[in-house]
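Spelled out from the first residue to the last, the chains are:
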Amino acid sequence: MRKHIVAGNWKMNNGLIQTESLIAELKTKQKTSDAEVMIAPSFTNLWHAFESTRQHDIEVVAQNMHFSEKGAYTGEVSAGMLKSIGIKTVILGHSERRAYFNETDESLAKKVDTALAHDMRVIFCFGEELSDRKAGNEEAVVESQIKNALFHLEADAFKHIVLAYEPVWAIGTGETASPEQAQDMHAFIRKTLESKYGHTVADDMTILYGGSVKPNNAKEIFSKPDVDGGLIGGASLKADDFYAIVNAF
Ligand code: 13P
């Protein structure tokens, strides 16, 4: 079923002390919307974050994982390790992972398979670069990112996937896609899903928008019919801003 979700991607921010205090502050906030709330702290703080949100309406999710079950992959974290501390959702394919850590459609397809094999939910990110949009190629780029990493899956698998459209040019730049640009792309994403998996899979898919979502623009972006929530970077590091976005629905 389609849901409203607001997920905070903390990226490489917040040590243990800051994680503790931000979570303590988040727990004081009142949720007045129906959005599911998620936060994605760094690996070192996942266990603490998980423990301290146990009785609370906040899901702690991971920012990444490796596709292998275990082995000689120094510095990596497996799905099994995440599951062993209670983490049930993982963000995969963030543009920063693609750009700085050589993640490809092919490696992401493997990560998606591994996560699903571990009964995890995947927040799968994709989005075009500024040069793609300037050349009018944004739909072709997004279509190929989705097809290459996800179209080997059976329809049923999509119940465990959330899509996050994050145009690279809008991430951390303060320049957000206009609500119309977000809506157009989200409708295109749904059409792409429908062409392979049919109406129900497409209509049930939760599609988040990410890229400079702030308290002052969230309401308008979330008012679009095909935008089901947001993946929030910078603004998720401030409890007031984050909950203003959560409550923008
Ligand atoms: P900003 O909200 O800082 O632009 O980051 C968006 C993002 O990359 C979330 O994953």
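In this report, the structure presented in the accompanying data block is examined. (Residues numbered from 1 in each chain as written. Predicted model: local features only at pLDDT ≥ 70, side-chain atom pairs only at ≥ 80, totals over all residues. Heavy atoms only, no water.)

**Description of the sheet that holds strand β6 (residues 161-165)**
(1) Moving on: Here 8 strands make up an open sheet; going across it, the order is β3-β2-β1-β8-β7-β6-β5-β4 and the pairing parallel. Every interior strand has two partners, whereas the edge strands, β3 (59-60) and β4 (89-92), have only one.
(2) Moving on: Here strand β2 (residues 36-40) pairs with β3 via 2 bridges, running parallel. Residue pairing for β3: isoleucine 39 is matched across the bridge by valine 60. (Pairing = 2+ DSSP bridges. Helix = DSSP H or I, 4+ residues; strand = E, 2+ residues; numbered from the N terminus.)

**Regarding the site of the ligand**
(1) Moving on: Taken together, 13 residues lie near the ligand, and Lys11, His94, Gly172, Ser212 and Gly234 sit nearest.
(2) Moving on: Take glycine 234: an N or O atom from its main chain is 2.8 Å from an oxygen atom of the ligand.
(3) Moving on: Burial of the ligand by the protein amounts to 97% of the accessible area it has alone, namely 310 Å².
(4) Moving on: Here the residues of the shell around the ligand sort into 4 nonpolar, 7 polar and 2 charged. (Near = heavy atom within 4 Å. Polar contact = N/O pair within 3.5 Å; in protein donor to acceptor, adjacent residues only side chain to side chain. Areas by Shrake-Rupley, 256 points an atom, 1.4 Å probe, with all protein chains shown as cover. Nonpolar A, V, L, I, M, F, W, Y, C, P; charged D, E, K, R; others polar.)

**What to know about the layout of surface pockets**
(1) Moving on: Taken as a whole, the largest pocket spans an internal volume of roughly 480 Å³.
(2) Moving on: If you go around the largest pocket, you meet 20 residues; those closest to its centre are Phe43, Gln63, Asn64, Arg97 and Phe101.
(3) Moving on: Broken down by secondary-structure element, the contributors of at least two residues to the lining of the largest pocket are α2 (43-52) and α4 (95-100).
(4) Moving on: A total of 3 residues in the lining of the largest pocket trace back to one element, the largest contributor, which is α4.
(5) Moving on: Taken together, the residues that form the lining of the largest pocket break down as 8 nonpolar, 8 polar and 4 charged. (1 Å grid on protein atoms, 1.4 Å probe; cavity = no way out; pocket = protein on both sides within 12 Å on 5 of 7 lines; lining within 4 Å. Points joined across faces, edges and corners; volume = space filled by probe spheres on them.)

**Brief notes about helix α7 (residues 138-150)**
(1) Moving on: An ideal rise of 1.5 Å per residue puts 18 Å on 13 residues; α7 measures up with 18 Å between its terminal C-alpha atoms.
(2) Moving on: Inspection of α7 places Glu138, Val141, Val142, Gln145, Ile146, Ala149 and Leu150 among the buried residues, and these make up the whole buried set. Taken down its axis, α7 places every buried residue within 125° of arc, on the same side.
(3) Moving on: Where α7 is buried, its residues touch α4, α5 (105-117), β5 (121-126), α6 (130-134), β6 and α8 (179-197). (Expected span 1.5 Å × (residues − 1). Buried < 20%, exposed > 50% of the residue type's maximum accessible area, 1.4 Å probe, protein only. Arc of directions from axis to C-beta. Contact = heavy atoms within 4.5 Å.)

**As for the nonpolar core**
(1) Moving on: The biggest cluster of nonpolar side chains holds 67 residues, and the ones touching the most others in it are Leu150 and Leu163.
(2) Moving on: Among the elements that line this core, the one with the most residues is α8, at 6 residues.
(3) Moving on: Among all residues touching leucine 163, those that are not within four sequence positions of it are Phe124, Phe126, Leu150, Ile189, Leu193, Met205, Thr206, Ile207 and Leu208.
(4) Moving on: In this structure, Ile5, Val61, Cys125 and Ala164 belong to the second largest nonpolar core, which totals 12 residues. (Core = buried A, V, L, I, M, F, W, Y, C linked by side-chain atoms within 4.5 Å.)

**Digging into the environment of alanine 140**
(1) Moving on: Among the secondary structure elements, alanine 140 is positioned in helix α7.
(2) Moving on: Along the chain, alanine 140 and glutamine 183 lie 43 residues apart, while their C-alpha atoms are 16 Å from each other.

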